[in-house]
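Structural overview
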Amino acid sequence: MPQGKLRTPEVKVREFQEKLHQSAKANKRRRFHQLYDKVWAPWFLAVAWQRVRAKKGAPGPDGITIGQIEADGIDEFLRKLSQELRERTYRTGPTRRKYIPKPNGKLRPLGIPNVRDRVVQAAVLLVLEPIFEADLPDTAYGFRPGRDAHQALDAVGQHLLAGFTDVVDADLAAYFDTIPHGNLLKLVAERVVDRGILALIKQWLESPIVEPDVPPGSPGKSSPKGTPQGGVISPLLANIYHSCIPRIWNQWEKTKRLGGKFVSYADDFVIMLRPGQGRAAMYQLRHVCQRLALELSEEKTRVVDSRSESFKFLGFDIRKKRYPSGKQGPCVSPSAKAEQHLRDSVRKILNRRMCWRLVPEVVGETNATVRGWTQYFHYGQCYDTMRRVKFFTEQRLRKWLMRRRQKRGQGYTQYPTTHLYNALGLYRVPTHRLYATPHASGQEGTPRAGCGKTARPVR
């Protein structure tokens, strides 16, 4: 067979996923039985390993890193894992809990499984994702292939233009940690009845959590609810359960009469309604969440009339605005909180106590931070924000360079703007406008998605 005709594991997996997706899409009531044999297939595990390796994640409770597995031999590692799965002797290990700070000062809990468990989760994800992608609502944009936060913002802007100006800005309290295991497994079983697959998912859901303050080797504690953030398969499971909210909303008579347009990204979502319907929708949403054993965050959930005040969604301030031309349209701009988060990050890098570091190293770290933030927030009416960010970054770098040389002053003479960009290679924050001429729809210009790869929204 010619070399160009060889079917690599990646191609074989993609072809199988396409068949699964088309089958699930053609028959919404079909239930899939024989899938477990694909999980332990060498070509599936090979692709799963590449996905896990590409993310370069930290080790789990067993302390085994990706580098150690590579040193000991990937082929032998995958062979043993395939054998355990085939003989059904595979048992998941505990999950290591890690807390990372959030912009509001609180901590977000992450669950980090062992590398071997992440590989098996990735293999199961390769099987389940094309099936449930056929069922997830078009209003969901988080953790889905081919979708991002900018598309969710596009949908919000379109609904504002269509007159859905009352907004229930909703957020679920500790969503990933409160999903009931029993309800979630029932939802998965509506489509997948392969006992091997369901047994694996149940193992991961019931995996004990090892907190950071417990002694090494502790068995940890399990919980009857929650799918920890950090697991490879957790985003899909969270999306499956979250899709019940719009499903129930469209089934109940009281909520059907209210109508409403859903736009969601992970646990952050909005319901957009006609004027005057916001408070009634909030009341009904509480009942929907109670039925699903979920709780709305009282701190973040509120009803907003977008014609008179803005609401926050995915790190942006959004409202419906009347422009000087007299036409109305959505106004989407980076929130002050998101801008402050970037400023704090840049200050931490360009700290006066870090003047001993090499200039190329500091500039590179600054570029990575500012570029990632800019590529996400370069959207909508971001012009003024980007100008402020650009000026702030230049000023902080100049001051850091002057302190490094133990000199006083702002540094404009020693380090002019052209030197920062041409000689030091500072990333140039884009400050051009993203709007074309006004459209016939009445919008003051159509926002174009930000350049580059979409980053995780700052919330």
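In this report, the structure presented in the accompanying data block is examined. (Residues numbered from 1 in each chain as written. Predicted model: local features only at pLDDT ≥ 70, side-chain atom pairs only at ≥ 80, totals over all residues. Heavy atoms only, no water.)

With that out of the way, let us pick up the sheet that holds strand β1 (residues 95–101). If you walk across this open sheet you meet the three strands as β2-β1-β4, and the pairing is mixed. The sheet is open, and its two borders are formed by β2 (107–112) and β4 (209–210), each paired with just one other strand. Direction of pairing for β1 relative to β4: parallel, over a ladder of two bridges. Paired with Thr95 across the bridge in β4 is Ile209. (Pairing = 2+ DSSP bridges. Helix = DSSP H or I, 4+ residues; strand = E, 2+ residues; numbered from the N terminus.)

It is worth spelling out the packing of helix α1 (residues 9–26) against helix α3 (residues 42–55) at this point. Packing of α1 against α3 leaves a shortest axis separation of 9 Å and a crossing angle of 105°. Relative to α3, the element α1 is oriented roughly perpendicular. The segment α1 lies against α3, with Pro9, Glu10, Lys12, Val13 and Phe16 engaging Trp43, Phe44, Val47 and Arg51. In terms of residue class, the contact of α1 with α3 is built from six nonpolar, no polar and three charged. (Axes fitted to C-alpha atoms, helices over the stretch in contact; angles between N-to-C directions. Parallel < 35°, antiparallel > 145°, perpendicular 65-115°, else oblique. Contact = heavy atoms within 4.5 Å. Nonpolar A, V, L, I, M, F, W, Y, C, P; charged D, E, K, R; others polar.)

Before going further, it helps to spend a moment on helix α16 (residues 359–377). Compared with the 27 Å implied by 1.5 Å per residue over 19 residues, the 27 Å span of α16 between its first and last C-alpha is a close match. What α16 keeps buried is the set Val359, Val362, Val363, Thr366, Asn367, Val370, Trp373, Thr374, Gln375, Tyr376 and Phe377. (Expected span 1.5 Å × (residues − 1). Buried < 20%, exposed > 50% of the residue type's maximum accessible area, 1.4 Å probe, protein only.)

Turning our attention to the nonpolar core. Among the nonpolar cores identified, the biggest contains 73 residues, and Leu35, Val39, Val119, Leu128, Leu200, Ile245 and Leu285 are the most heavily contacted of them. For this core, the element with the most residues is helix α6 (residues 115–133), which contributes twelve residues. Ignoring anything within four residues of it in the chain, the contact list for Val119 reads Leu45, Ala48, Trp49, Val52, Phe77, Leu78 and Leu81. Ranked by size, the runner-up nonpolar core spans 49 residues in total, among them Met272, Val304, Leu401 and Met402. (Core = buried A, V, L, I, M, F, W, Y, C linked by side-chain atoms within 4.5 Å.)

Structural measurements only, silent on function.
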